[in-house]
Amino acid sequence: MTDPRRIVLDCDPGHDDALALMLAAGDPRIDLVGVTTVAGNQTVEKTTRNACAVATVAGLFAVPIVRGADRPLLRPLRTAAEIHGESGLDGPPPVVPTVRTRPGHACDFLIEAVTASPGEVTIVATGPLTNVALALMKEPALAEAAREIVIMGGAYGRGNVTPAAEFNISVDPEAAAVVFDAPWRVTMMGLDVTHQAACSEEAQARISAIGTPLGVFAGQLLEFFRSTYRREQAMGDPPVHDPCAVAYVADPTLFETRAAHVVIETRGTYTSGMTVTAFVASGEGSRHDVGISVRRDALFDALTAAIAALG
Ligand code: BDR
Ligand code: CA
């Protein structure tokens, strides 16, 4: 096996972020260097507490968790309590985290982790892109030093918070514009692909049946996520968006991607946060790749195996 891919997971847990964290920690093809948190699905106090709670249940006592931005670059924060609940991680009985955060700001952790090993560390971002944009603005060399960045966010088709925009990009479009305009390779796992990663009741039952405290916890998260996706988005099975970004790093062959040029709409009255995507013939020097399709069963196999491996 080749060396595991080193990643920093920048996230806003959030149910699917929690599953992404489990995948990143439990998949042998990934070396989770650290976790940074951002305001998005809930306030940064809550998303950080939730990251620590997931790390506690998963037994991740050595992975640094560093808190980041409490609001978007220019706009007031809009959360997603209707999907993730008041805590940001409703469903399972509340966990009292014993894992603590490390001091400092997420953007400094990102800069240090990436620039210490040029060309080696990948950023996987599954929340609004505020921390990553702050890091790029503070240290533009981040773009050259990172191996790549893979995000869950956007869509070349329809959005989910508005017809035009997906939640993560819509919360902080200015940050997304900084990230997509920087001179690095951005892979966008948007709704076009993550909506294919719907968790069937059978896939959920397999995760619960692992029977460990983490497996049971993950099943309870999926049950709550299923109920809110049914109510709010009229989707029978909830899409596990964020694990797609981690899974792409672990095994890109699970996905079909296409080269593209993506720009972020920051000003449109009705289209703010839209990821305006022009597909280009590969080899035209584009810096963006966009997810098109996923092998769903293989994705859930990897997620289930990772949760089982964490014991
Ligand atoms: C994205 O928004 C959040 O609610 C999820 O965690 C995911 O990152 C999907 O639009
Ligand atoms: Ca998220």
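Residues numbered from 1 in each chain as written. Chains lettered and ligands numbered in written order. Predicted model: local features only at pLDDT ≥ 70, side-chain atom pairs only at ≥ 80, totals over all residues. Heavy atoms only, no water.

Student: Describe the coordination of the calcium ion (ligand 2), with residues and values.
Tutor: At the metal site, the calcium ion (ligand 2) is ligated by D12 (OD), D17 (OD), D17 (OD), T126 (O) and D242 (OD), and these contacts range over 2.2 to 2.5 Å. Sequence spacing of the donor residues for the calcium ion (ligand 2), all on one chain, is D-x4-D-x108-T-x115-D. Residue D12 is found in the loop between strand 1 (5-11) and helix 1 (15-26), and its partner T126 is found in the loop between strand 4 (121-125) and helix 5 (130-138); the two are separated by 114 residues along the sequence. (Donors = N, O, S within 2.8 Å, 3.2 Å for Na, K, Ca; no water. Helix = DSSP H or I, 4+ residues; strand = E, 2+ residues; numbered from the N terminus.)

Student: Outline the sheet that holds strand 6 (residues 186-189), supporting the account with residue identities and numerical values.
Tutor: Read from one edge to the other, the open sheet built from nine strands follows the order 3-2-1-4-5-6-9-7-8, with strand pairing classed as mixed. Edge positions in the open sheet fall to strand 3 (65-67) and strand 8 (275-279), since each of these has one partner strand only. On average, each strand axis in the sheet is tilted by 30 degrees relative to the strand beside it, whichever way the strands run. Relative to strand 9 (residues 288-294), strand 6 runs parallel, the two sharing three bridges. (Pairing = 2+ DSSP bridges. Axes fitted to C-alpha atoms, helices over the stretch in contact; angles between N-to-C directions.)

Student: Could you give me a rundown of the pairing of strand 7 (residues 255-264), with the residues and numbers involved?
Tutor: Of the strand pairs in this sheet, strand 7 and strand 9 are connected by six bridges, and their pairing is antiparallel. Paired with A259 across the two strands is D289, which belongs to strand 9. Where strand 7 meets strand 8, five bridges bridge the pair, whose relative direction is antiparallel. By the bridge assignment for strand 8, V263 is matched with V276.

Student: With reference to specific residues and values, describe the nonpolar core.
Tutor: Ranked by internal contacts, the top residues of the largest apolar core, which has 60 residues, are M22 and F255. Sequence-distant contacts of M22, that is, excluding residues within four places in its chain, are made with V54, L214, F217, A218, L221, A306, I307 and L310. (Core = buried A, V, L, I, M, F, W, Y, C linked by side-chain atoms within 4.5 Å. Buried < 20%, exposed > 50% of the residue type's maximum accessible area, 1.4 Å probe, protein only. Contact = heavy atoms within 4.5 Å.)

Student: Give me the environment of H195: which residues, what numbers.
Tutor: With respect to the helices and strands, H195 occurs in the loop between helix 9 (191-194) and helix 10 (201-208). Each C-alpha atom, one on H195 and one on M235, is 9.5 Å from the other, the two residues being 40 residues apart in sequence. Discounting chain neighbours no more than four positions away, the residues touching H195 are M235, P239 and H241.

Student: Account for the side chain of H15, with residues named and values stated.
Tutor: Tracing the chain through its elements places H15 in helix 1. One polar contact links the side chain of H15 to the main-chain carbonyl oxygen of D90, over a distance of 2.6 Å. Filtering out sequence-adjacent residues up to four positions away, H15 remains in contact with I83, H84, G88, L89, D90, L221, F224 and F225. (Polar contact = N/O pair within 3.5 Å; in protein donor to acceptor, adjacent residues only side chain to side chain.)

Student: Tell me about the site of ligand 1, and name the residues and values.
Tutor: Residues in contact with ligand 1, as listed here, are D16, D17, N41, H84, T126, M152, N160, E166, F167, N168, H241 and D242. One nitrogen or oxygen atom from the side chain of N41 is found 2.6 Å from an oxygen atom belonging to ligand 1. The side chain of N160 places a nitrogen or oxygen atom 2.9 Å from an oxygen atom of ligand 1. Considering ligand 1 on its own, with 280 Å² of exposed area, one finds that the protein chains cover 97% of that surface. (Near = heavy atom within 4 Å. Areas by Shrake-Rupley, 256 points an atom, 1.4 Å probe, with all protein chains shown as cover.)

Student: Residues and numbers for the pairing of strand 2 (residues 30-37), please.
Tutor: Across the eight residues of strand 2, seven count as buried, placing the element largely inside the fold. Pairing geometry for strand 1 and strand 2, over seven bridges, is parallel. Among the inter-strand pairings, R5 is bridged to a residue of strand 2, identified as I30. As for the winding sense of the linkage, the β-α-β connection from strand 1 through helix 1 to strand 2 is right-handed. Looking at chain direction, strand 2 and strand 3 are connected through three bridges and run parallel. Residue T36 lies in a different strand from strand 3, and its bridge partner there is V66. Crossover connection from strand 2 via helix 2 (residues 44-58) to parallel strand 3: handedness right-handed. (Right-handed = clockwise from strand over helix to strand, strands pointing away.)

Student: Account for empty space enclosed by the protein, naming residues and giving values.
Tutor: Under the definition given, this model contains one cavity of 30 Å³ or more. Put simply, the largest cavity is a space of about 30 Å³. Together, L21, L32, V35, A55, L60, V63 and I65 line the largest cavity. Along the lines of polarity and charge, the residues of the lining of the largest cavity split into seven nonpolar, no polar and no charged. (1 Å grid on protein atoms, 1.4 Å probe; cavity = no way out; pocket = protein on both sides within 12 Å on 5 of 7 lines; lining within 4 Å. Points joined across faces, edges and corners; volume = space filled by probe spheres on them. Nonpolar A, V, L, I, M, F, W, Y, C, P; charged D, E, K, R; others polar.)

Student: Can you explain unusual backbone geometry? Please cite residues and give values.
Tutor: With an omega of -10 degrees, the peptide bond between P13 and G14 qualifies as cis. Here G14 lies in the loop between strand 1 and helix 1. One non-glycine residue with positive phi stands out, namely A234, at about 55 degrees. Since its relative accessible area comes to 70%, A234 is described here as exposed.

Student: Which residues make up the packing of aromatic side chains, and what values go with them?
Tutor: For the structure shown, the criterion picks out three aromatic pairs. Judged by centre distance (5.0 Å) and plane angle (75 degrees), the ring pair of F225 and Y229 falls under edge-to-face. Placement of both F225 and Y229 in helix 11 (residues 213-233) is noted, with a separation of four residues, approximately one turn of the helix. With respect to burial, F225 and Y229 carry one shared label: buried. With 5.9 Å between their ring centres and 70 degrees between their planes, Y248 and F255 make a pair best called edge-to-face. Just as Y248 is buried, F255 falls in that class too. (Phe/Tyr/Trp six-rings, centres within 6.5 Å; stacked < 30°, edge-to-face > 60°.)

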